[in-house]
Amino acid sequence: RQAVNLGRSLRAERNIKNRQPLRRLILAARSQEQLNWIRSLEDLIRDELNVKEIQITLDESSFVTYKAKANFKTLGPRLGKSMRALADAVAKLGHDEIQAVPKGQPLLVQGVTLTAEDLQIVREVKEGMAIMVSPELTAALDTIVDEPLRLEMLARETVSRVQNLRKEAGLSVTDSIQVWFEGISPLLLKALEAHNAYISAEVLAVSLRFDGGGKGVSYELDLEGEKARITVQRKDP
């Protein structure tokens, strides 16, 4: 549930529709036991979030780089005048040195043992990724939408619109239909051609035609600038 909630929040944060497929979601667990448990529900999470791939790991380095600052509130009283030198040393720490600290492993810097509360750890997110952190889990969503993902989204949205037209026409769930498209934009045409079989199967269409015509129920489709006029008509036996 937490993985799905984090993924949905990331979609909402980036204004990415649920019908838009995305390439991958990376989930960083806090323990091997937790990782195994999440893996057992991987298919469910993938379907709920409409992503092609779920990656589950114990290491956040595939999507973030750690940097750290010294926490003056905890270290100042302990170090006094030595605080500035230690702060400079902490600022130069690399990702590999820092990454074990959030997991509870102390770090020795200039003879001083530092724990997670002694450091302010900053996660620098890699390009194209959006992350959200909870105490139990870190979720990183790949937000890059390439053309194949865009075409798939257009196909799914078209299915939704045609299904609505079926209802409007009063068709039964077993009625086969003919679907016509007219004034179709180039990218939408590309999507319908690439996903013709999927769309036809979902809406029980005997064929998709791109030459206009038809005398059934019509709808002016506009999917973020991709347009067409759709007409749906029952196919007589």
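See the structure printed just above.
Participant: Quick rundown of the sheet that holds strand E8 (residues 137–142)? Include the residues and the values.
Facilitator: With mixed pairing, the four strands of this open sheet are ordered in space as E2-E1-E8-E7. Of all strands in the sheet, those with a lone pairing partner are strand E2 (51–57) and strand E7 (129–133), marking the two edges. For this sheet, the mean angle separating the axes of adjacent strands, direction not counted, is 15°. Of the strand pairs in this sheet, strand E1 (residues 22–29) and E8 are connected by five bridges, and their pairing is antiparallel. Its bridge partner being in E8, alanine 28 is matched across the sheet by threonine 138. Running at roughly 40° to E8, helix H1 (residues 2–13) makes contact with E1, E7 and E8 of the sheet.

Participant: Any details on the layout of surface pockets? Residues and values, ideally.
Facilitator: Reported here for the largest pocket is a volume of approximately 270 Å³. Arg1, Gln2, Ala3, Val4, Gln34, Trp37, Ile38, Leu41, Leu44, Ile45, Glu136 and Leu137 together form the lining of the largest pocket. Contributing elements (two or more residues each) for the lining of the largest pocket: H1, helix H2 (32–39) and helix H3 (42–49). Here the lining of the largest pocket is composed, by residue class, of eight nonpolar, two polar and two charged. Roughly 180 Å³ of internal volume is contained in the second largest pocket. As for the second largest pocket, its lining consists of Ala28, Ala29, Arg30, Leu58, Asp59, Glu60, Tyr66, Gln99, Pro102, Lys103 and Arg123. Each residue belonging to the lining of the second largest pocket can be placed in one class, and the counts come to five nonpolar, one polar and five charged.

Participant: Kindly report on unusual backbone geometry, identifying the contributing residues and their values.
Facilitator: One non-glycine residue, asparagine 50, adopts positive backbone phi at about 55°. Here asparagine 50 shows up in the loop between H3 and E2. Taking relative accessible area as the criterion, asparagine 50 reaches 10% and is therefore assigned buried. Residue glutamate 224 is not a glycine yet carries a positive backbone phi of 50°.

Participant: Can you lay out the side chain of arginine 166 for me, pointing to particular residues and giving the numbers?
Facilitator: Relative to the elements of secondary structure, arginine 166 occurs in helix H7 (residues 147–168). Although arginine 166 lies buried, it forms no salt bridge, and the closest oppositely charged side chain, aspartate 175, sits 5.4 Å away as judged by the N-O distance. For arginine 166, the contacting residues outside a window of four places in its chain are Leu171, Ser172, Val173, Thr174, Asp175, Ile177, Val203 and Leu204.

Participant: With reference to specific residues and values, describe a nonpolar patch on the surface.
Facilitator: A cluster of nonpolar residues, Trp37, Leu41 and Leu44, forms a patch on the protein surface that exposes about 320 Å² of accessible area. Relative to the elements of secondary structure, tryptophan 37 occurs in helix H2.

Participant: Tell me about the pairing of E1, and name the residues and values.
Facilitator: Of all eight residues making up E1, six are buried, and the element is well covered by its neighbours. In the sheet, E1 pairs with E2 via six bridges, with the strands oriented parallel. From the neighbouring strand, arginine 24 faces E2, where its bridge partner is glutamate 53.

Participant: Can you break down the sheet that holds strand E11 (residues 217–223) residue by residue, with the values?
Facilitator: Ordered by their spatial adjacency, four strands build an open sheet running E10-E9-E12-E11, and the pairing between neighbours is mixed. Each of the sheet's edge strands pairs with one partner strand only, and the pair in question is strand E10 (205–209) and E11. When the angles between neighbouring strand axes are averaged without regard to direction, this sheet yields 20°. Inspection of the sheet shows strand E9 (residues 177–182) paired to strand E12 (residues 226–234) by six bridges, in the antiparallel sense. Residue pairing in the sheet places isoleucine 177 in a bridge with arginine 234 of E12. Against the sheet, helix H8 (residues 186–194) touches E9, E11 and E12, its axis set at about 45° to E12.

What counts, and where the lines are drawn
- Residues numbered from 1 in each chain as written.
- Predicted model: local features only at pLDDT ≥ 70, side-chain atom pairs only at ≥ 80, totals over all residues.
- Heavy atoms only, no water.
- Pairing = 2+ DSSP bridges.
- Helix = DSSP H or I, 4+ residues; strand = E, 2+ residues; numbered from the N terminus.
- Axes fitted to C-alpha atoms, helices over the stretch in contact; angles between N-to-C directions.
- Contact = heavy atoms within 4.5 Å.
- 1 Å grid on protein atoms, 1.4 Å probe; cavity = no way out; pocket = protein on both sides within 12 Å on 5 of 7 lines; lining within 4 Å.
- Points joined across faces, edges and corners; volume = space filled by probe spheres on them.
- Nonpolar A, V, L, I, M, F, W, Y, C, P; charged D, E, K, R; others polar.
- Buried < 20%, exposed > 50% of the residue type's maximum accessible area, 1.4 Å probe, protein only.
- Lys, Arg positive; Asp, Glu negative; His and termini not counted.
- Salt bridge = Lys/Arg side-chain N within 4 Å of Asp/Glu carboxyl O.
- Patch = residues over 30% accessible without salt bridge, like charges linked within 9 Å, V, L, I, M, F, W, Y side chains within 5 Å.
- Areas by Shrake-Rupley, 256 points an atom, 1.4 Å probe, with all protein chains shown as cover.

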